[in-house]
Amino acid sequence: MYHGRYINLTTAVDRRHRIESNLSELGISGFFQRFDAHSFNGDAPKGLTKSEFGCLLSHCEVLRSQTEDIQIVLEDDVVLSQHFPTVVEALPTSM
């Protein structure tokens, strides 16, 4: 069994609806929950935009909060293939 989170800014309602619809179509919406992305307004490290650094911080926070052995982390702009559930189900046995 696996658990997942998708990273989504509160203001990105359209992206939230799209990924939730994609997860629902695949029959796996019950395995994923929304993770509130962190926006970043300070000075980003050299070579990164504020958005990129905010995304990095959000991924780090998701990983810090992980309690499951296997957790899948998605961004809200991902488009999942119809084969995604099958591939994910095979992960624990192939690791």
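Everything quoted here is computed from the prediction, not taken from an experiment.

Even after reading the chapter, I still don't get helix α1 (residues 13–25), so can you show me in this structure?
Turn by turn, an α-helix covers 3.6 residues, leaving residues three or four places apart pointing in a common direction. In this model, α1 (13 residues) spans 18 Å end to end at C-alpha, consistent with the 18 Å of a helix rising 1.5 Å per residue. When α1 is considered as a whole, its buried residues turn out to be Ile19, Asn22 and Leu23. Mapping the buried residues of α1 onto a view down its axis gives an arc of 95°, with all of them on the same face. For α1, the exposed residues set more than 90 degrees away from the buried face come down to Asp14, His17 and Glu25. Check the buried side of α1 and you find it contacts β1 (3–8), β2 (32–36) and β3 (71–75). Of the residues one or two after α1, Gly27 is the one with positive phi, at around 75°.

What exactly am I supposed to notice about the pattern of salt bridges here?
Two side chains of opposite charge can pair, provided their charged atoms sit close to one another. Within this structure, the stated rule accounts for five salt bridges. Where Asp36 meets Arg34, a salt bridge forms, and the shortest distance between an N and an O atom there is 3.2 Å. According to the relative accessible area criterion, Asp36 is partly exposed, its value standing at 38%. Connected through salt bridges with shared partners, the residues Arg15, Asp76 and Asp77 form a single ionic network.

Is there a simple way to explain the nonpolar core in this structure?
Within soluble globular proteins, side chains that are nonpolar generally end up buried alongside one another. In terms of nonpolar packing, the biggest core is built from 12 residues, these being Tyr2, Tyr6, Ile19, Leu23, Ile28, Phe32, Ile70, Ile72, Leu74, Leu80, Phe84 and Val88. Those elements giving two or more residues to this core turn out to be α1, β3 and α3 (84–94).

What should I look at first to understand the side chain of Asn22 in this one?
Residue placement: Asn22 occurs in helix α1. Within the structure, the side chain of Asn22 is placed 2.8 Å from the backbone nitrogen of Leu80, a separation counted as a polar contact. Not counting residues within four places of it along the chain, the set of residues in contact with Asn22 comprises Val78, Val79 and Leu80.

Honestly, the sheet that holds β2 in this entry has me stumped. Any pointers?
Sheets are built from strands paired through backbone hydrogen bonds, the pairs being either parallel or antiparallel. Strand order in the open sheet made by the three strands is β2-β1-β3, with parallel pairing throughout. Across the chains shown, the open sheet's two edge strands, defined by having one partner strand only, are β2 and β3. Taking each pair of neighbouring strands and ignoring which way they run, the sheet shows an average axis angle of 30°. Examined bridge by bridge, β1 and β2 share five bridges and lie parallel to one another. Bridge pairing links Gly4 to Phe32 in β2. Running at roughly 155° to β1, α1 makes contact with β1, β2 and β3 of the sheet. Lying on the sheet, helix α2 (residues 50–64) is in contact with β1, β2 and β3; it crosses β3 at an angle near 160°.

Rules of the game
- Residues numbered from 1 in each chain as written.
- Predicted model: local features only at pLDDT ≥ 70, side-chain atom pairs only at ≥ 80, totals over all residues.
- Heavy atoms only, no water.
- Helix = DSSP H or I, 4+ residues; strand = E, 2+ residues; numbered from the N terminus.
- Expected span 1.5 Å × (residues − 1).
- Buried < 20%, exposed > 50% of the residue type's maximum accessible area, 1.4 Å probe, protein only.
- Arc of directions from axis to C-beta.
- Contact = heavy atoms within 4.5 Å.
- Salt bridge = Lys/Arg side-chain N within 4 Å of Asp/Glu carboxyl O.
- Core = buried A, V, L, I, M, F, W, Y, C linked by side-chain atoms within 4.5 Å.
- Polar contact = N/O pair within 3.5 Å; in protein donor to acceptor, adjacent residues only side chain to side chain.
- Pairing = 2+ DSSP bridges.
- Axes fitted to C-alpha atoms, helices over the stretch in contact; angles between N-to-C directions.

On their own, these measurements won't tell you what the molecule is for.
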